[in-house]
Amino acid sequence: MSDQGGPEGLQELFTALNLQEDAPDPCIMVIFGASGDLTKRLLIPSLFNLYCDNLLPDAFAILGMAMDDFSTESFRDRMSEDVRNYSRQDQFDDHAWSVFCDKIHYMQGRFDDAEAFARLKTFLQALDGRYDAGGNILFYMATPPAVFSMISTGLEAVGMNEEHDYWRRIIVEKPFGSDLDSARQLNRQILTYWKESQVYRIDHYLGKETVQNLLAFRFANGMFEPLWNRTHIDHIQITATEQVGVEWRGGYYDKSGVVRDMIQNHLFQMMAYLCMEPPVSFESEAIRNEKFKLLSAVRIMEPEEVRENAVRGQYGEGVKQDGSPAKPYRQEHLVHPDSNTETYAAVKLRIDNWRWHGVPVFLRSGKGLRTKSTEIVVQFRRAPEFTFRGTPAAGQLEANQLIFRIQPNEGIELRFLAKRPGPSMHMRKVNMNFEYDEAFVTHPGTGYETMLYDCMRGDASLFSRSDLVETSWQIVQPILDVWKSEKARDFPNYPFGSWGPKAAFDLPAAAHRRWL
Ligand code: NDP
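Since the structure is predicted, the reported quantities are computational estimates derived from the model, not experimental observations. (Residues numbered from 1 in each chain as written. Predicted model: local features only at pLDDT ≥ 70, side-chain atom pairs only at ≥ 80, totals over all residues.)

## Concerning the overall build of the chain
Across its full length, the chain holds 16 helices and 18 strands. Taken against the 2.2 N^0.38 rule, which gives 24 Å for 516 residues, the C-alpha radius of gyration of the chain at 24 Å falls within 12% of a compact globule. Based on the C-alpha atoms only, the size of the chain along its principal axes is roughly 85 × 60 × 45 Å. By the burial criterion, 40% of the 516 residues in the chain qualify as buried. By sequence separation, contacts in the chain at least 24 residues apart represent 79% of the contacts at least 6 residues apart. (Helix = DSSP H or I, 4+ residues; strand = E, 2+ residues; numbered from the N terminus. Rg over C-alpha atoms; globule rule 2.2 N^0.38 Å. Buried ≥ 20, exposed ≤ 12 C-beta atoms within 10 Å, placed from the backbone. Contact = placed C-beta atoms within 7 Å.)

Right, dumping it as structure tokens:
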């Protein structure tokens, strides 16, 4: 398929997605944790991509802050090295980088030091005068979650949360809490000093084109929405698998596991976009209201339902993609040798609303698996077979599937049956395929570009509101509780490089379905 819509079609799509290319307001972006991994691999490269696409305001500067003792010059040198390693641009634009790099500044400081926040305020006043940013400041918490609340309090102590004829916004990285209680507590702490409208809880998955395209696909096309309900859809599958293990993140991962790391945030967000009711507009509150309503309708499991509807796994030794041996999870760096943490989970959810009653939603995610893939499968109900009685096609009818591929190769595929050429009525599954990079000129992005751009424009549609975050923790809390109280007796239960634990395949099989 290709883009046949012409300029008008594209413009409509952009308008629908709130992607008109307006320049954001002038502002200064402060990155807390600027010496860390997220800053060098994703934030600075994404900001540079925005700059190259003319999507940053002219009046713009970055101020990095962390404990490390860099000068602005040495920090710029370090970013210059990193951006070359992590930029996804085909041809690195040295001239553009040298202009952009001049906008980057650094100050050393600890987040538990009140004096550091007073210095930060003075530094920002000077930068604001120099860049003419109008007092607008975007604070980005690229730090471990343990210091989120410390930073928000430190900023309040020097009055940097206050808005007048300028705005102050704060981006909070994931994970937002580690369970329902901690998420509620973090919300309480942050919202003591900041208004909800100032807080942007980020999940960069939502910056990916295909995730946003779920909204365009459902609500800009007339033909799918009438089918989007329990009358026509049999079940839904959402999968996010990785080939790699925990790599250098063992310390963090062992306290987290895949339910906290992937399912509670990324997979639930995709489910919300896929299943929510049409919003009355593309205003951020309208979209967030519908997402919240959808998650609120997910049935909270009792402990015995967790045992029936949630499967966990942990990888053992196996073989990596390149043929080299992979060590078991329990021998990974900084992982407890007797760890009970799941590196794989599959869950069957029910949505108790009029549209989805009786349509199971299967979610799965894991590390150390055979393929790297993120996709959504919408499986329709099978057509009645009676017409084909007495033909070779009898018993061959399979259900139609609509597949949204998030990564790799972003796109959409429709699978349906066609008659095989020849005298008799034999069927074969065929597909219609839409590939993003074939149909549009796309820029390889990280997902952060869209999120940062939207935040600078004050569009919170793609960011999570406090009620949404708490509701998603509410859904996974019974799973976390049961798994914490009952140690897994079969870990490790799948070899690295395999398709996952056998029990994960039994889960849809018990409901007479199977993973695609
Ligand atoms: P890192 O550990 O690499 O970096 C953390 C940064 O915070 C460092 O600059 C560190 O400074 C600084 N820091 C921590 N405590 C203090 C303190 N008390 N005072 C001053 N500075 C402090 O973490 P990441 O960059 O990997 O992750 C940051 C956040 O982003 C986390 O919440 C993570 O979950 C999230 N995230 C990360 C992703 C990634 O790919 N890395 C992807 C998605 C989300 P110093 O080095 O001096 O200790």
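Resuming the write-up.
## Digging into the site of the ligand
Lining the immediate environment of the ligand, one finds 21 residues, of which Gly33, Gly36, Asp37, Leu38 and Met67 sit closest. It is helix H2 (residues 37-52) that provides the largest number of residues to the shell around the ligand, a total of three residues. (Near = placed C-beta within 6 Å.)

## Section: the nonpolar core
Membership of the largest hydrophobic core comes to 120 residues, with the highest contact counts inside it found for Val30, Ile31, Phe32, Tyr140, Met141 and Ile263. Ranked by the residues each element gives to this core, the list is headed by helix H10 (residues 258-275), at 12 residues. (Core = buried A, V, L, I, M, F, W, Y, C linked by C-beta atoms within 7 Å.)

## What about the environment of tyrosine 140?
Mapped onto the secondary structure, tyrosine 140 falls in strand S4 (residues 137-141). Tyrosine 140 sits in the buried class, given 26 other C-beta atoms within 10 Å. Distance from tyrosine 140 to asparagine 340, taken between C-alpha atoms, is 33 Å for residues 200 residues apart in sequence. Aside from chain neighbours lying at most four places away, what touches tyrosine 140 is Met29, Val30, Ile31, Phe32, Leu43 and Ile171.

## A closer look at the sheet that holds strand S3 (residues 104-108)
Overall, parallel pairing links the six strands, which are arranged S3-S2-S1-S4-S5-S6 in an open sheet. Here the strands that pair on one side only, and so sit at the sheet edges, are S3 and strand S6 (199-201). Across the sheet, the mean angle separating the axes of adjacent strands is 20 degrees when strand polarity is ignored. Where strand S1 (residues 27-32) meets strand S2 (residues 60-66), six bridges bridge the pair, whose relative direction is parallel. Residue pairing across strands places isoleucine 31 opposite glycine 64, the latter belonging to S2. (Pairing = 2+ DSSP bridges. Axes fitted to C-alpha atoms, helices over the stretch in contact; angles between N-to-C directions.)

## Considering the UniProt feature "binding site: substrate" (unreviewed entry) in the chain
Sequence positions flagged by UniProt for "binding site: substrate" (unreviewed entry) are, in local numbering, His204, Lys208, Glu242, Asp261, Lys367 and Lys372. The topology assignment puts glutamate 242 in the loop between strand S7 (233-241) and helix H9 (250-254). Beyond its immediate stretch of four places on either side in the chain, glutamate 242 contacts Lys367, Leu369 and Lys372. Filtering out sequence-adjacent residues up to four positions away, aspartate 261 remains in contact with Tyr253 and Ser256. (UniProt positions renumbered as here; feature names shortened; annotations may be inferred.)

## Points about the environment of proline 495
Following the sequence through the fold, proline 495 ends up in strand S18 (residues 494-495). Between the C-alpha atom of proline 495 and that of isoleucine 233, which follows or precedes it by 262 residues, the distance is 34 Å. Those residues in contact with proline 495 that lie beyond four places of it in its chain are Tyr315, Gly316, Glu317 and Gly318.

## Some words on the pairing of S1
Within S1, six of the six residues are buried, which leaves the element mostly enclosed by the surrounding structure. Alternating positions in S1 separate into two faces, Cys27, Met29 and Ile31 on one and Ile28, Val30 and Phe32 on the other, with burial throughout. Remark: the S1/H2/S2 crossover connection has right-handed handedness. Relative to S4, S1 runs parallel, the two sharing five bridges. Bridge pairing links methionine 29 to leucine 138 in S4. (Right-handed = clockwise from strand over helix to strand, strands pointing away.)

## Quick word on unusual backbone geometry
In this model, lysine 174 is joined to proline 175 through a cis peptide bond whose omega is 0 degrees. Among the secondary structure elements, proline 175 is positioned in the loop between strand S5 (168-172) and helix H7 (180-193). Cis rather than trans, the peptide bond between glutamine 407 and proline 408 has omega equal to -10 degrees. Unusually for a residue other than glycine, glutamate 247 sits at a positive phi of about 50 degrees. With respect to the secondary-structure elements, glutamate 247 resides in the loop between S7 and H9. If you check the backbone angles, asparagine 409 has positive phi at about 55 degrees while not being a glycine. As for its position among the elements, asparagine 409 is in the loop between strand S15 (401-407) and strand S16 (411-419). Looking at asparagine 409, the number of C-beta atoms within 10 Å reads 14, which means it is partly exposed.

## Side note on the sheet that holds strand S17 (residues 427-435)
The eight strands are arranged S8-S12-S13-S7-S14-S15-S16-S17 in an open sheet whose pairing can be described as mixed. Single-partner strands in this sheet number two, and they are strand S8 (310-313) and S17. Sheet twist, expressed as the mean angle between neighbouring strand axes with direction ignored, is 15 degrees. Note that S16 and S17 share nine bridges and pair antiparallel. Across the sheet, residue isoleucine 412 finds its bridge partner in S17, namely phenylalanine 434. Contacts from helix H8 (residues 209-219) reach S15 and S16 within the one sheet, and its direction differs from that of S15 by about 145 degrees. Running at roughly 140 degrees to strand S13 (residues 361-366), H10 makes contact with S7, strand S12 (344-349), S13 and strand S14 (373-380) of the sheet.

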